[in-house]
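Coordinate analysis (summary)
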Amino acid sequence: MTRYPFDFSDKVVFVAGGTSGINLGIAEGFAKAGATLAVLGRSQDKIDKAIEKLRAHGGRASGFSADVRDTDRLTEVFTQTHEALGLIDVLVSGAAGNFPAAANEMSANAFKAVVDIDLLGTFNVLRYSYQYLRKPGANIINISAPQSFIPMEMQAHVCAAKAGVDMITRTTAMEWGPEGIRVNSLVPGPIQGTEGMKRLAPQGSDAERMVIESVPMRRQGVVEDLASAALFVASDMASYITGTVIPVDGGWGLGGAGQLGSTLVELVKKN
Ligand code: NAP
Ligand code: COA
């Protein structure tokens, strides 16, 4: 088990999209470091399983069923979180959707679905939690993707949405810095066993092999890699770091990540 040299006891950590995969791994990292957790996702079944995992680390954890596209529901969720737990110390915004699709074939609604969840959803989560963020002291971590700065075939919707997410990181870092709020993006590389990888480079596929070969560290990441980075970025050791976009990708974004696009062309042709 990874042991973290950080203490987040007495801190409230809210993870939007924290009921599975990378974001749940990040939530677990904070739970192991003693934090009180709140996670949000749509599926109640996934929430229940996530809460069980988080509580197994010994701390408090609660879950909310909500869609990040629903601002009325987000208002309720953040009000309830404040009533139950107090101000938010760390906010992670990572709800996202992805599927490979050609720009000339996907519907406007398909493009919109991803932009609404990833980009508008990130804005909504930051906007509607803002009044309940600790000032000074709060940390926001947006979960981006290599598609934010690397164009990729079959990913026009995701590239556009995640590039926007990183601009939200930079602009809110400027606007909210004077109040003592830091905002950063973490950019996961290919992370083993996740929904994202299942959709773009399924286990055992040629695409998965190509991905591993194109990562300088020659391996996929694990969710703990993201948890370690999130704990550092949210800690006092990173107190002068804000407005940054930090890859946690074994060097994939240095040159290899763009190759995934050509395998997605094949994947979509086959399906
Ligand atoms: P995942 O397991 O599908 O996690 C997505 C989370 O967001 C789940 O908790 C999901 O729960 C929630 N969610 C999705 N749509 C939502 C909505 N409309 N409203 C509220 N919650 C919603 O995916 P993952 O692969 O771990 O990816 C996590 C993050 O890392 C994403 O931001 C992704 O873009 C980024 N990323 C992943 C990889 C990778 O290798 N997997 C690489 C680069 C970046 P419900 O479905 O129940 O709502
Ligand atoms: N190719 C092309 N279009 C697709 C598609 C695909 N594989 N999957 C969905 N769409 C289209 C739908 O056809 C619909 O467009 P239409 O109304 O013109 O037919 C549009 O996208 C919205 O689909 P819908 O199923 O109503 O969206 P949703 O809001 O219920 O779900 C998704 C959003 C599509 C992103 C869904 O995959 C999801 O919930 N993903 C979350 C998990 C995930 O993707 N994890 C990985 C994170 S990296």
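Every chain's residues receive numbers from 1 upward, in the order its sequence appears when written. Whichever chain is written first is A, and whichever ligand is written first is 1; the rest continue in order. Per-residue local features of the predicted model are confined to residues with pLDDT of at least 70, and side-chain atom pairs are confined, for both listing and counting, to 80 or more; whole-chain, interface and lining totals are unaffected and use all residues. Side-chain descriptors were evaluated using all non-hydrogen atoms of the structure, hydrogens and water having been removed beforehand.

Once that is clear, we can look at the site of ligand 2. Any residue with a heavy atom positioned within 4 Å of a molecule or strand is treated as near that molecule or strand. Every one of the 15 residues lining ligand 2 counts as a neighbour, but Arg 42, Arg 69, Ser 107, Asn 109 and Arg 199 are closest to it. Here a polar contact is recorded for every N or O atom pair within 3.5 Å, except that within protein the pair must consist of a potential hydrogen donor and a potential acceptor, and residues adjacent in sequence are included only if both atoms are side-chain atoms. In the model, an oxygen atom of ligand 2 is placed 2.9 Å from a nitrogen or oxygen of the Arg 69 side chain. A distance of 2.8 Å separates an oxygen atom of ligand 2 from a polar atom in the side chain of Arg 199. Secondary structure elements are defined from DSSP: runs of H or I of at least 4 residues count as helices, runs of E of at least 2 residues count as strands, and each element is numbered from the N terminus. Within the residue set of the shell around ligand 2, elements represented by two or more residues are helix 4 (108–129) and helix 6 (195–200). With 4 residues, the top contributor of residues to the shell around ligand 2 is helix 4. Gly counts as polar in this scheme, as do all residues outside two lists: the nonpolar Ala, Val, Leu, Ile, Met, Phe, Trp, Tyr, Cys and Pro, and the charged Asp, Glu, Lys and Arg. Of the residues assigned to the shell around ligand 2, the class counts are 6 nonpolar, 5 polar and 4 charged.

Close to ligand 1 lie 33 residues; Thr 19, Ser 20, Arg 42, Gly 94 and Thr 194 are nearest. Contact distances for ligand 1 include 2.7 Å between a nitrogen atom and a side-chain N or O atom of Thr 194. Gly 196 places a polar main-chain atom, nitrogen or oxygen, 2.9 Å from an oxygen atom of ligand 1. Surface exposure here means Shrake-Rupley accessible area, sampled with a 1.4 Å probe, where a residue is shielded only by the protein chains that are shown. In isolation ligand 1 has 880 Å² of accessible area, and contact with the protein removes 90% of it. Given that more than half its atoms are within 2 Å of the pocket grid, ligand 1 belongs to the largest pocket. Counting residues per element, the ones that place at least two in the shell around ligand 1 are helix 1 (21–32), strand 2 (36–41) and helix 6. Looking at side-chain class alone, the shell around ligand 1 contains 14 nonpolar, 13 polar and 6 charged residues. Points on a 1 Å grid over protein atoms alone make up a cavity when a 1.4 Å probe fits among them but cannot get out, and a pocket when they form an open set with protein on both sides within 12 Å along at least five of seven lines; lining residues each have an atom within 4 Å of a point. Pocket or cavity membership: a molecule qualifies when more than half of its atoms sit within 2 Å of the grid points of that site.

Relative to the helices and strands, Ala 95 resides in the loop between strand 4 (90–93) and helix 4. Look at Ala 95 and you get buried, because its relative accessible area is 19%. Distance in space between the C-alpha atoms of Ala 95 and Trp 176 is 22 Å, their sequence separation being 81 residues. In this view, Ala 95 contacts Ala 16, Gly 17, Asn 23, Val 68, Ile 117 and Asp 118; residues no more than four positions away in its chain are not counted. Note on exposure labels: buried denotes an accessible area under 20% of the residue type's maximum, exposed denotes more than 50%, and partly exposed covers the range between, all computed with a 1.4 Å probe on protein chains only. Contact criterion: two residues are considered in contact whenever any of their non-hydrogen atoms come within 4.5 Å of each other.

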